[in-house]
Amino acid sequence: MEKKDIRKQVFAQRAKTSEAFVQQQSSLIAGKIFALPQFQDASCIYVYMDYNKEASTRPIIEEAWRLGKKVAAPKVFGEDMRYFYIHSYDDVAPGYFNIPEPDETRNLKEAADETALLLVPGVAFDKDRHRCGYGKGFYDRYLSRHTQHATVAMALDFQIVEAVPSDVYDICPQMLITPTMIYGK
Ligand SMILES: Nc1nc2c(c(=O)[nH]1)N(C=O)[C@@H](CNc1ccc(C(=O)N[C@@H](CCC(=O)O)C(=O)O)cc1)CN2
Ligand SMILES: Nc1ncnc2c1ncn2[C@@H]1O[C@H](COP(=O)(O)OP(=O)(O)OP(=O)(O)O)[C@@H](O)[C@H]1O
C-alpha cells in the first residue's frame with residue numbers, strides 16, 4: 001500500500017476509536033516506556049503533544065515532571081521543528097494544525113540536548129519500524145540534523161500495518177512501542 005492509502009486506512013480506524021480507549025491504551029504504552037533504561041536514565045524527554053487520537057504522551061509528560069526530568073515539546077517554523085522546554089500544560093497553546101505547541105508569549109527556553117530521549121509520533125508503522133507520518137517530513141528532517149537522540153515511537157496497535165514503503169530519507173525510530181508489543185531495542 002502507498003503511504004497515502006495507509007493514512008486513509010488509519011484515519012478511518014481512528015474515527016471509530018473512542019477517546020477513552022486511546023487513553024487506556026496510551027497508559028499501557030506509558031507503562032512500557034517507564035520500564036526502559038532510555039527513559040529512566042534520561043534527564044530530558046523530547047515529547048510530542050498528541051492530537052487527533054495519537055498515542056497520548058500525557059502520562060509520560062506528567063511522570064517525567066514528577067521525577068524531575070526536563071520536558072521539551074516541538075514547534076513548527078516553516079519546514080522545521082524546534083523544541084522548547086515546557087513546565088506545565090499552561091506552557092502550550094494551539095498552533096500548527098491546532099496541535100498544542102510551546103506558547104511563544106511565555107518566554108520558554110529553547111532546548112538543545114541531544115542526550116534527551118525523543119518520542120516520535122506517527123500515523124502508521126510496520127514491524128521493521130518504518131514510519132508513515134503526515135507526509136511533511138518534519139521528523140526525518142529534524143533527525144537527519146540531530147543524530148544523537150535515542151528515539152522511541154509510540155502507536156496504538158491499529159497503527160501497525162503490514163508494510164510501510166520506505167524512502168531513502170526515512171529515519172526509523174530505534175524502538176517502537178504499542179500497548180502489546182515492543183519492536184527494536
Ligand atoms: N502531535 C504531533 N505533533 C507534531 C507532529 C505529529 O505528527 N504529531 N508532526 C510530525 O510531523 C509535526 C507536525 N506535522 C504535521 C504535518 C501535517 C499535518 C496535517 O496536514 N494535518 C491535517 C491533515 C491530516 C491529513 O488528513 O493528512 C489535519 O490535521 O487536518 C499535521 C501535522 C510536528 N508536531
Ligand atoms: N532530511 C531531509 N531533508 C530534506 N527533505 C526531506 C528530508 N527528509 C524528508 N524530506 C522531505 O519530506 C517529505 C515527506 O516525506 P514522507 O512522505 O516520508 O513524510 P512522513 O515521514 O510521512 O511525514 P512526517 O515526518 O511529516 O510525519 C518528502 O517529500 C521529502 O522530500
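- As recorded in an unreviewed UniProt entry, the protein chain goes by 5-formyltetrahydrofolate cyclo-ligase and comes from Hominisplanchenecus faecis.
- Recorded in UniProt under Catalytic activity (unreviewed entry), the annotation for the protein chain is "(6S)-5-formyl-5,6,7,8-tetrahydrofolate + ATP = (6R)-5,10-methenyltetrahydrofolate + ADP + phosphate".
- Of the protein chain, the UniProt comment under Cofactor (unreviewed entry) reads exactly: "Mg(2+)".

### A few points about the site of ligand 1
Consideration 1: Taken together, 16 residues form the shell around ligand 1, and within it Met-49, Tyr-51, Glu-54, Phe-97 and Tyr-134 come nearest.
Consideration 2: Tyr-51 places a polar side-chain atom, nitrogen or oxygen, 2.9 Å from an oxygen atom of ligand 1.
Consideration 3: With respect to ligand 1, the side chain of Glu-54 contributes an N or O atom lying 2.7 Å from a nitrogen atom.
Consideration 4: Protein burial of ligand 1: of its 680 Å² of free accessible surface, 79% is covered by the chains.

### Section: helix 4 (residues 58-66)
Consideration 1: All of the buried residues in helix 4 are Ile-60, Ile-61, Glu-63 and Ala-64. The buried residues of helix 4 all sit within an arc of 165° when viewed along its axis, so they share a single face.
Consideration 2: Against the buried residues of helix 4 lie helix 2 (19-34), helix 3 (37-40), strand 1 (44-46), strand 2 (70-77), strand 6 (117-120) and strand 9 (150-154).
Consideration 3: Once helix 4 ends, the next one or two residues include Gly-68, with phi positive near 80°.

### Side note on the packing of helix 2 against helix 4
Consideration 1: Relative orientation of the contacting elements helix 2 and helix 4 amounts to 40°, with a least axis distance of 8 Å. In this view, helix 2 runs oblique relative to helix 4, as classed from their interaxial angle. The residues of helix 4 that touch helix 2, namely those facing Ala-30, Ile-33 and Phe-34, are Pro-59, Ile-60 and Glu-63.
Consideration 2: Among the residues forming the contact of helix 2 with helix 4, the class breakdown is five nonpolar, no polar and one charged.

### Points about the pattern of salt bridges
Consideration 1: Tallying each qualifying case throughout the model produces nine salt bridges.
Consideration 2: Its salt-bridge partner being Glu-62, residue Arg-58 comes within 3.2 Å of it at the nearest N-O pair. Of the two residues, Arg-58 and Glu-62 both sit in helix 4, four residues apart, roughly one turn of that helix.
Consideration 3: Take Glu-62: its relative accessible area is 40%, and that puts it in the partly exposed class.
Consideration 4: Among the salt bridges present, the one from Lys-75 reaches Glu-101, with a minimum N-O distance of 3.3 Å. One end of the pair, Lys-75, is in strand 2; the other, Glu-101, is in strand 5 (residues 100-102), and 26 residues separate them in sequence.

### Focus: the side chain of Gln-159
Consideration 1: By secondary structure assignment, the location of Gln-159 is in the loop between strand 9 and strand 10 (175-177).
Consideration 2: Residue Gln-159 is classed as buried on the basis of its relative accessible area of 1%.
Consideration 3: At 2.8 Å, the side chain of Gln-159 forms a polar contact with the backbone oxygen of Gly-122.
Consideration 4: A distance of 3.1 Å separates the side chain of Gln-159 from the backbone oxygen of Val-123, its partner in a polar contact.
Consideration 5: Discounting chain neighbours no more than four positions away, the residues touching Gln-159 are Val-10, Arg-14, Gly-122, Val-123, Ala-124 and Phe-125.

### Some remarks on the sheet that holds strand 10
Consideration 1: Strand order in this open sheet of seven strands is 3-2-1-6-9-10-11, and the pairing throughout is mixed. Strand pairing shows two members of the sheet lacking a second neighbour, strand 3 (80-85) and strand 11 (182-184), which therefore form its edges. Averaged over all adjacent pairs, the angle separating strand axes in this sheet is 25°, with direction ignored.
Consideration 2: Pairing geometry for strand 6 and strand 9, over four bridges, is parallel. Note that in strand 9 the partner of Leu-118 across the bridge is Thr-151.
Consideration 3: With respect to the sheet, helix 4 is in contact with strand 1, strand 2, strand 6 and strand 9, its orientation differing from that of strand 2 by roughly 135°.

Reading guide: rules and limits
Residues numbered from 1 in each chain as written. Chains lettered and ligands numbered in written order. Predicted model: local features only at pLDDT ≥ 70, side-chain atom pairs only at ≥ 80, totals over all residues. Heavy atoms only, no water. UniProt positions renumbered as here; feature names shortened; annotations may be inferred. Near = heavy atom within 4 Å. Polar contact = N/O pair within 3.5 Å; in protein donor to acceptor, adjacent residues only side chain to side chain. Areas by Shrake-Rupley, 256 points an atom, 1.4 Å probe, with all protein chains shown as cover. Buried < 20%, exposed > 50% of the residue type's maximum accessible area, 1.4 Å probe, protein only. Helix = DSSP H or I, 4+ residues; strand = E, 2+ residues; numbered from the N terminus. Arc of directions from axis to C-beta. Contact = heavy atoms within 4.5 Å. Axes fitted to C-alpha atoms, helices over the stretch in contact; angles between N-to-C directions. Parallel < 35°, antiparallel > 145°, perpendicular 65-115°, else oblique. Nonpolar A, V, L, I, M, F, W, Y, C, P; charged D, E, K, R; others polar. Salt bridge = Lys/Arg side-chain N within 4 Å of Asp/Glu carboxyl O. Pairing = 2+ DSSP bridges.

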